[in-house]
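Reading the structure
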Amino acid sequence: MARRTKLTWLAVVPALALVAAMSACGSDEAGSGGNGDGQNIELVHEGQLTTCTGLPYKPFQYEENGKVVGFDVDLVDLVAEKLNVKQVIVDTPFDSIQSGADLNSGKCDLAAAGMTITEVREKNLDFSEPYFDATQALVAKKGSGIEDLSDLQGKKLGVQNGTTGYDYAQKNAKGAELVNFEDLGLLLNAVETSRVDAGINDNGVLYDWVKEKTDFEVVTEFDTGEQYGIGVRTGNKALLDLINETLDEAKKSGEYDKIYEKWFGKKPEEGSGNSN
Ligand code: ARG
């Protein structure tokens, strides 16, 4: 009840309400994590670490038996453990993750979505240290004769909305018709059903997909030299520090390698950004 009153206030006098909300957090445990390293970390929902992601993005995050699992999920679980809370995952369009909109509106504490660190995004959100190396790649049906972007003149190339692959295709796939999909699942479905002639996305997810879809292959990679980072709202230093500390520890302890092997079936390559 008290809460409802406060919410009405929020709408009327935002500045005052902010002060009220902040002092409310200070006077009890609401809005913060449990104990341990994350003592002064404010969470958008009490007692849980809320992660925004764009499903499906296998093997980084996807649903299996009604549960969201994956490489990113396991890494963020380590952060949640430090806060003594559970991770709760919110599925939201990738475009509003990468723009910073979801973090700014308080939809989630962090974004873990196989998201590439870019200069543009750095302006709209803060990134952790890189935790994974990636590059763009092209997937097509075996025997299609498509080996590179130049083979897509007058053909359809599937892209995922708001992604670095979308940007890359716009700049480099001259003469191809870009078909934009909201998520990777829809994009790959269009590749599989030949509604598009090829698809562009990150190498990790495409190699994972062709393991099962053996009529398809990753025909080439583009050396885009990308690195994934976990995103937080600009200025949320307390949470960012905890994420970086967690990643660092996981790399040193071998936990990172264990998680990597679980999802990629092998150890990270020596000297890559995916090794310690
Ligand atoms: N790494 C690419 C980017 O940052 C694609 C990420 C898409 N992630 C997702 N969960 N749908 O633009």
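Preceding this section is the structure that the text describes.
Every chain's residues receive numbers from 1 upward, in the order its sequence appears when written. Side-chain atom pairs in this predicted model are given and counted only at pLDDT of 80 or more, local residue features only at pLDDT of at least 70, and totals for whole chains, interfaces and linings cover all residues. Calculated side-chain values reflect all of the structure's heavy atoms, with hydrogen atoms and water omitted.

Some points on the site of the ligand
- As a matter of local geometry, the ligand sits amid 14 residues, with Ala113, Gly114, Arg121, Thr164 and Asp202 nearest to it.
- In protein, a polar contact requires one atom able to donate a hydrogen and another able to accept it; more generally it is a pair of N or O atoms within 3.5 Å, and residues adjacent in sequence count only if both atoms are side-chain atoms. Asp202 is positioned such that a nitrogen or oxygen atom in its side chain is 2.6 Å from a nitrogen atom of the ligand.
- The Shrake-Rupley method, run with a 1.4 Å probe sphere, supplies the accessible areas, and residue values consider only the shown protein chains as cover. In the complex, the protein chains occlude 100% of the 350 Å² of accessible area that the ligand would expose alone.
- Using a 1 Å grid laid over the protein atoms alone, points where a 1.4 Å probe fits but cannot get out form a cavity; open sets with protein on both sides within 12 Å along at least 5 of 7 lines form a pocket; any residue with an atom within 4 Å of a point counts as lining. Grid points define the cavity or pocket, and a molecule sits in it when more than half of its atoms lie within 2 Å of them. When atom positions are compared with the pocket grids, the ligand is found to occupy the largest cavity.
- Here the nonpolar group is Ala, Val, Leu, Ile, Met, Phe, Trp, Tyr, Cys and Pro; Asp, Glu, Lys and Arg are the charged ones; every other residue, Gly included, is treated as polar. When the residues that make up the shell around the ligand are grouped by side-chain class, the tally is 5 nonpolar, 7 polar and 2 charged. A cutoff of 4 Å decides nearness: a residue is near a molecule or strand if any of its heavy atoms lies inside that distance of it.

What about the pairing of strand β7 (residues 132-141)?
- Relative accessibility under 20% of the residue-type maximum defines a buried residue, over 50% an exposed one, and the middle range a partly exposed one, all with a 1.4 Å probe and only protein chains included. Numbering of helices and strands runs from the N terminus, with a helix taken as a DSSP run of H or I at least four residues long and a strand as a DSSP run of E at least two residues long. Counting buried positions along β7 yields 8 of 10 residues, so the element is predominantly enclosed.
- By definition, two strands form a pair when at least two bridges between them are found by DSSP. Examined bridge by bridge, β7 and strand β11 (residues 216-228) share 9 bridges and lie antiparallel to one another. Bridged to Ala134 within β11 is Glu226.
- Sheet topology note: the β7/strand β10 (residues 198-202) ladder contains 5 bridges and is antiparallel. Its bridge partner lying in β10, Val139 is registered against Gly199.

Digging into the nonpolar core
- Here, the term nonpolar core denotes a set of buried Ala, Val, Leu, Ile, Met, Phe, Trp, Tyr and Cys residues that are joined through side-chain atoms within 4.5 Å. Leu49, Phe71, Leu110 and Phe132 are the most contacted members of the largest nonpolar core, which has 49 residues in total.
- Listed by contribution, the elements that provide at least two residues to this core are α3 (71-83), β7, α8 (184-192), α9 (203-212), β11, α10 (237-253) and α11 (255-264).
- At 7 residues, α3 tops the list of elements feeding residues into this core.
- Here a residue-residue contact requires only that any non-hydrogen atoms of the pair lie within 4.5 Å. Ignoring sequence-local partners within four residues, the contact set of Phe71 consists of Pro59, Phe60, Tyr131, Phe132, Tyr256, Ile259, Tyr260, Trp263 and Phe264.
- Counting 13 residues, the second-largest nonpolar core is a separate cluster that includes Leu138, Ile146, Leu152 and Leu157.

What about the sheet that holds strand β4 (residues 86-91)?
- One open sheet holds the 5 strands; their spatial order is β4-β1-β5-β12-β6, and the pairing between them is mixed. Across the chains shown, the open sheet's two edge strands, defined by having one partner strand only, are β4 and β6 (126-127).
- As judged from the 2 bridges shared by strand β1 (residues 48-53) and strand β5 (residues 110-111), these two strands associate in the parallel manner. Paired with Thr51 across the bridge in β5 is Leu110.
- Where α3 meets the sheet, it contacts β1, β4 and β5, and its direction lies at approximately 135° from that of β4. Structural elements are reduced to axes, namely lines fitted to C-alpha atoms, with helices fitted over the stretch in contact, and the angle between N-to-C directions of any two is expressed from 0 to 180 degrees.

Quick notes on helix α7 (residues 164-172)
- Every buried residue of α7 is accounted for by Thr164, Gly165 and Ala169. On an axial view of α7, the arc spanned by its buried residues comes to 135°, and they lie on one face.
- Where the residues of α7 are buried, they touch α6 (119-122), β7, β8 (156-160), β9 (177-181), β10 and β11. Think of the arc as the fan of directions from the helix axis to the C-beta atoms.

Here we look at the layout of surface pockets
- Each pocket or cavity is described by its volume, and for the second largest pocket that value is around 470 Å³.
- Forming the boundary of the second largest pocket are 19 residues, of which Phe132, Asn203, Tyr207, Tyr260 and Lys266 lie nearest the centre.
- Where the lining of the second largest pocket is concerned, the elements lending two or more residues are β7, α9 and α11.
- With 5 residues, the top contributor of residues to the lining of the second largest pocket is α9. Grid points are joined across faces, edges and corners, and a volume is the space filled by probe spheres set on the points.

Observations regarding the state of the cysteines
- A pair of cysteine sulfur atoms is labelled a disulfide when the two atoms are within 2.5 Å. Within this structure, the stated rule accounts for 1 disulfide.
- Across the disulfide, Cys52 is cross-linked to Cys108 (sulfur-sulfur distance 2.1 Å). The chirality of the disulfide connecting Cys52 with Cys108 is left-handed, given an S-S dihedral of about -100°. Here Cys108 lies in the loop between α5 (101-104) and β5 and Cys52 lies in strand β1, a separation of 56 residues in the sequence. Both residues of the pair, Cys52 and Cys108, belong to the buried class.

Structural notes on the sheet that holds β11
- Overall, mixed pairing links the 5 strands, which are arranged β9-β8-β10-β7-β11 in an open sheet. Each edge of the open sheet carries a strand with a single partner, namely β9 and β11. Neighbour to neighbour, the strand axes of the sheet diverge by 25° on average, direction disregarded.

Focus: unusual backbone geometry
- A cis amide bond links Leu55 to the next residue, Pro56, at an omega of -10°.
- The residue Pro56 is located in the loop between β1 and β2 (62-64) in this model.
- The residue Asn84 is not glycine, and still its phi comes out positive at about 65°.
- Here Asn84 lies in the loop between α3 and β4.
- Assessed through its relative accessible area of 53%, Asn84 is described here as exposed.

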